[in-house]
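Chain by chain, the residues:
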Amino acid sequence: MKPFLLISLVISSAAITPASAESLTLERIFESPALDGPSDREPQLAPDGAAIAVLRARAEDRSRFDLWLIEPGSGKARMLVDSEKLESGAPLSEAEMMHRERLRIGGTKGIADFQWAPDGHALLFMLDGDLYLAALDGTVRRLTETEGTELAPHISGDGHHVSFVRDGNLVVADLDRGTESQLTEDGSDTVGWGTAEFVAQEEMGRYEGQWWAPDGSRIAAQRTDESRVDVVTRTAIGATGTRVFDQRYPTAGTANADVSLWVMKPDGSGKVRVDMGNDPEAYLARVDWAPDGSALYVQRQNREETVLDLLKVDPATGAATVLFSERSGPESWVNLQDNFRALRDGSILWWSERDGHGHLYRFAGGNWTRITSGDWEVKSVIGVDEARGLVYFTGNRETPLERQVYLASYREPATPRRLTESGWWNEARMDGAATRMIVTRSNPDQPPQSYVADTGGRRLAWLSENAVTPGHPYYPYRASHRETRFGTITAEDGTVLHWEIITPELEPGKRYPVFFEHYGGPTVQRVTRAWGGPMRQYWVDHGWIWFQIDNRGSANRGKAFEDQIWHHLGSVEVADQVAGARYLQSLPFVDPGRIATYGWSYGGYMTLKMLEQAPGVFAAGISGAPVTQWGIYDTHATERFLGNPSIDPRPYELSDALPYAASIRDPLLMIHGMSDDNVVFEQGTSFYAALQQARIPFEMMTYPGMTHHFIGVGPNVHLWQTIEDFLDRRVKNPSAAETGEAHSSSG
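## Quick word on the overall build of the protein chain
Working step 1: Summing up its helical and strand segments, the protein chain has 14 helices and 44 strands in all.
Working step 2: Counting only C-alpha atoms and orienting by the principal axes, one finds that the protein chain spans roughly 80 × 55 × 55 Å.
Working step 3: Here the protein chain, with 747 residues, has 57% of them falling under the buried criterion.
Working step 4: Pairs at least 24 residues apart make up 58% of the contacts formed inside the protein chain by residues separated by at least 6 positions.
Working step 5: Summed over all atoms, the accessible surface of the protein chain reaches about 29,100 Å², with 49% contributed by carbon and sulfur.
Working step 6: Looking at the protein chain, you have 71 positive and 102 negative side-chain charges, and the mean spots of the two groups are 4 Å apart.

Below, the structure written as structure tokens:
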């Protein structure tokens, strides 16, 4: 698209801003109630579709979640469990805090997650480290009351038992008799049952370590022995003290935990070990039961992540057979997924990227049938109607910018039918029988809203319409809300790259600074027709253009698009982000010398790589919680892209930001939480030291007690005040002295 076309689009679609429009403040963005409107998490239909349970944040405290029940037909909601009335007020245990960190809900209070009983008459949840069962009339039964923390509760397929982990051992409670049985004995500081290991939770998207058979006759459980995993000393520096953790953490190239899978009866008898093969380095990727409990299906991935085997296991003996394998091409890897479905007729629904795009297949009698195809991606299977041979799923068939819900036949495959409206980004869930769905959707002008729909996609009732009308938290700022525009440029190899932009109301002849946001890492897509939150509008309110672009290597564009980062992170991603900056510099309403770039986590790493590789392109960079040396990040995530450094360290040398720190010449602000257990503080301090050793000036802000995700109004407001102050001084309104310094430092 030529620059003058963009100008006409932006100006003609500019929002009308009355004089009375309020401007956003950082304090209001992080205070309660949330500007996005009602905050619901994990809406789940009962197994029979007769009710919906959801975790809902309080208007007066957006971090506290209670359990609510909603009638699907009317949308009428009532609080089922008031977390504040039940909890003791004691601080969360370290184990529970780490569980919430893995779920990316660190800092929340109240109920973190829940699950329906199979009969739909009760819900199991954990609070203060103990387990509870809530009936639909609001009565709550306490299942445990101990000084320790019970973890990972699961209700059995027949509803008669609840399994959980206590002191590293697997325990089963008999709900009918009110008794407990400890099924394992060797739980210790290094051995644990029934929970997923660190890399499974953090990188593989598997949070479970125990799986009940549908009829409740058996339970499969993971045993994790971390004794061979290296101990990493992690320092959590707080405001009033420092804690030191000796954490078992498998850095790239070192030993993973020894993971095995066992099957036993609810009383612990009949225990057998699943035959996972002879490769001690293999990952336990996924576990599922056949609908009748006659078989266990296990997905096994090799350490190189180039082969994924599906095993069919006899639960009585543990004997396993390989049904089929997925293999990557050269310079690639096999992505994991959660779209496996074992059907009652013995066939299997499977997701594969074997043709270069993620699509659905049916495996029956040793034969494959393709269900979907084309230059687009199936994302998630949300339901299967076995009576009619239908599968419901989300995907991006029309455009990568949208996610829609589709319906297809797996018996007589044809073009999928779209069930949701264009112009939206949708997520969806269904009940076990696929009779209803919950759709949660948003677009750049509409915060998330959710509704119940029938199997044809017709809306039956709003769960949260969340219209931005008088009374909505965002309504006072609606008049100054600016429209988001989308477009494309081409990468140096001809690949189409999508971008999005928000501008202030443009004054003829005026050039504006740009807040250029980025992430850039694999498995993530940032440019979408979804609600982006108020922060981007804050920058526009304060005179900035806001912009971001998705580079090669990011998600939902096919395997060839993603694979280009193999064995060289920070390569094509940087080139594509710089191409985005060059495009901005060509626009007549952009000040080409005042483009600042910001990123967090992988985005923080990208900030450093962009300043290292493209000096002078950006007026300044902000690097939040960056990975600076991949060799001290974990095995599963890092080796997927860079290989094993104990075999070939060269990809790490090419990809790390640390060795090239001395090449930075542009103004830089670095930020890190001092208790980060994901991208550990050492990732930041090692870069600080390298800059200091090279006598490179930079600015720094660290946050005592903060992890990878900042908690609380104060720290978040301070974080963004720091960023804004830095950008005002170095980019937006630099003094003459700073301008001269910036020009000389960038050459």
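Next comes the rest of the description.
## Some remarks on the nonpolar core
Working step 1: Formed by 77 residues in total, the largest nonpolar core has its most connected members in Phe 516, Leu 584, Phe 618, Trp 630, Leu 668 and Phe 687.
Working step 2: Beyond its immediate chain neighbours, meaning those up to four positions away, Leu 584 contacts Ile 501, Val 514, Phe 516, Phe 547, Val 590 and Ile 595.

## Some points on helix α4 (residues 94–102)
Working step 1: When α4 is considered as a whole, its buried residues turn out to be Glu 96, Arg 100, Glu 101 and Arg 102.
Working step 2: Each element contacted by the buried residues of α4 is listed here: β5 (109–110), β7 (122–127), β10 (151–155) and α5 (198–202).

## Remarks on the pairing of strand β40 (residues 545–549)
Working step 1: With five of five residues buried, β40 is to be regarded as a mostly interior element.
Working step 2: Here β40 shows two buried faces, one formed by Ile 545, Phe 547 and Ile 549 and the other by Trp 546 and Gln 548.
Working step 3: Handedness of the crossover is the feature at issue here: the chain leaves strand β39 (residues 512–517), passes through helix α6 (residues 534–541), returns alongside β40, and the resulting connection is right-handed.

## Quick word on the sheet that holds strand β28 (residues 367–370)
Working step 1: Reading across from one edge, β25-β26-β27-β28 is the order of the four strands in this open sheet, with antiparallel pairing throughout. Looking at strand neighbours, the two that pair on one side only are β25 (341–342) and β28, the edges of this open sheet.

## Considerations on the environment of Arg 511
Working step 1: Among the structural elements, Arg 511 can be located in the loop between β38 (496–502) and β39.
Working step 2: Note on Arg 511: relative accessible area 39%, which makes it partly exposed.
Working step 3: Separated by 372 residues in the primary sequence, Arg 511 and Thr 139 place their C-alpha atoms 62 Å from one another.
Working step 4: Once residues within four sequence positions are removed from consideration, Arg 511 is found in contact with Leu 587, Pro 588, Phe 589, Val 590, Asp 591, Pro 592 and Arg 594.
Working step 5: Of note is the side chain of Arg 511, whose polar atom sits 2.7 Å from the backbone oxygen of Val 590.

## Remarks on the packing of α6 against helix α13 (residues 713–732)
Working step 1: Orientation of α6 relative to α13, taken along the N-to-C sense of each, is 30°, at an axis distance of 13 Å. When the axes of α6 and α13 are compared, the pair comes out roughly parallel. Every pair of crossing elements has a handedness; the one defined by α6 and α13 is right-handed. Seen from α6, the contacting residues are Met 535, Tyr 538 and Trp 539; seen from α13, they are Trp 720, Ile 723, Glu 724 and Leu 727.

## Let's talk about the packing of helix α8 (residues 572–585) against helix α9 (residues 602–613)
Working step 1: Interaxial distance between α8 and α9 falls to 10 Å at its minimum, and their mutual angle equals 75°. Comparing their axes, α9 and α8 come out roughly perpendicular. In this structure, α8 contributes Glu 573, Val 574 and Gln 577 to the contact, and α9 contributes Tyr 602, Met 606, Lys 609, Met 610 and Gln 613.
Working step 2: Its residues assigned to classes, the contact of α8 with α9 shows four nonpolar, two polar and two charged.

## Structural notes on the side chain of Ser 442
Working step 1: Turning to its location among the elements, Ser 442 is positioned in strand β34 (residues 437–443).
Working step 2: Residue classification places Ser 442 among the buried positions, given a relative accessible area of 7%.
Working step 3: Here the side chain of Ser 442 touches Trp 531 through a polar contact of 2.9 Å, landing on its backbone nitrogen.
Working step 4: Filtering out sequence-adjacent residues up to four positions away, Ser 442 remains in contact with Trp 424, Trp 425, Pro 447, Pro 448, Arg 529, Ala 530 and Trp 531.

## Some words on the confidence of the model for the protein chain
Working step 1: For the protein chain, per-residue confidence averages 93 on the pLDDT scale, and residues scoring 70 or more make up 96% of the total.
Working step 2: In this model residues 1–19 is a low-confidence stretch, pLDDT under 50, and it forms 29 contacts with partners more than four residues away in sequence or in other chains.
Working step 3: In this model, residues 739–747 is a region of pLDDT below 50 whose contacts with residues beyond four sequence positions or in other chains number eight contacts.

## A few points about the pattern of salt bridges
Working step 1: All chains considered together, the criterion is met by 42 salt bridges.
Working step 2: For Glu 180, the salt bridge identified is with Arg 166, shortest N-O distance 3.0 Å. Within this pair, whereas Glu 180 is found in strand β13 (residues 179–182), its partner Arg 166 is found in strand β11 (residues 161–166), the two being separated by 14 residues in sequence.
Working step 3: In this structure Arg 166 comes out as buried when scored by relative accessible area, which is 19%.
Working step 4: For Lys 559, the salt bridge goes to Asp 563, with nearest N and O atoms at 2.5 Å. Remark: Asp 563 and Lys 559 occur in helix α7 (residues 559–563); sequence separation between them is four residues, near one turn of the helix.
Working step 5: Taking the relative accessible area as the measure of exposure, Asp 563 reaches 17% and is therefore buried.
Working step 6: Residues joined in a network through salt bridges with shared partners are Arg 58, Glu 60, Asp 66, Asp 82 and Glu 84.

## Side note on the packing of aromatic side chains
Working step 1: Counted under the stated rule, the structure contains 36 aromatic pairs.
Working step 2: Here Tyr 605 and Trp 630 contribute two aromatic rings whose centre-to-centre distance is 5.2 Å and whose plane-to-plane angle is 75°, an arrangement assigned as edge-to-face. Placement of Tyr 605 in helix α9 and of Trp 630 in the loop between β42 (620–624) and α10 (635–642) is noted, with a sequence separation of 25 residues between them. Each member of the pair, Tyr 605 as well as Trp 630, carries the same accessibility label: buried.
Working step 3: Among the aromatic residues, ring-to-ring pairing joins Tyr 297, Phe 324, Phe 340, Trp 350, Tyr 361, Phe 363 and Trp 368 into one connected group.

Cut-offs and rules
- Residues numbered from 1 in each chain as written.
- Predicted model: local features only at pLDDT ≥ 70, side-chain atom pairs only at ≥ 80, totals over all residues.
- Heavy atoms only, no water.
- Helix = DSSP H or I, 4+ residues; strand = E, 2+ residues; numbered from the N terminus.
- Buried < 20%, exposed > 50% of the residue type's maximum accessible area, 1.4 Å probe, protein only.
- Contact = heavy atoms within 4.5 Å.
- Areas by Shrake-Rupley, 256 points an atom, 1.4 Å probe, with all protein chains shown as cover.
- Lys, Arg positive; Asp, Glu negative; His and termini not counted.
- Charge placed at Lys NZ, Arg CZ, Asp CG, Glu CD.
- Core = buried A, V, L, I, M, F, W, Y, C linked by side-chain atoms within 4.5 Å.
- Right-handed = clockwise from strand over helix to strand, strands pointing away.
- Pairing = 2+ DSSP bridges.
- Polar contact = N/O pair within 3.5 Å; in protein donor to acceptor, adjacent residues only side chain to side chain.
- Axes fitted to C-alpha atoms, helices over the stretch in contact; angles between N-to-C directions.
- Parallel < 35°, antiparallel > 145°, perpendicular 65-115°, else oblique.
- Left-handed = near helix turned anticlockwise from the far one by under 90°.
- Nonpolar A, V, L, I, M, F, W, Y, C, P; charged D, E, K, R; others polar.
- pLDDT = per-residue confidence, 0-100.
- Salt bridge = Lys/Arg side-chain N within 4 Å of Asp/Glu carboxyl O.
- Phe/Tyr/Trp six-rings, centres within 6.5 Å; stacked < 30°, edge-to-face > 60°.

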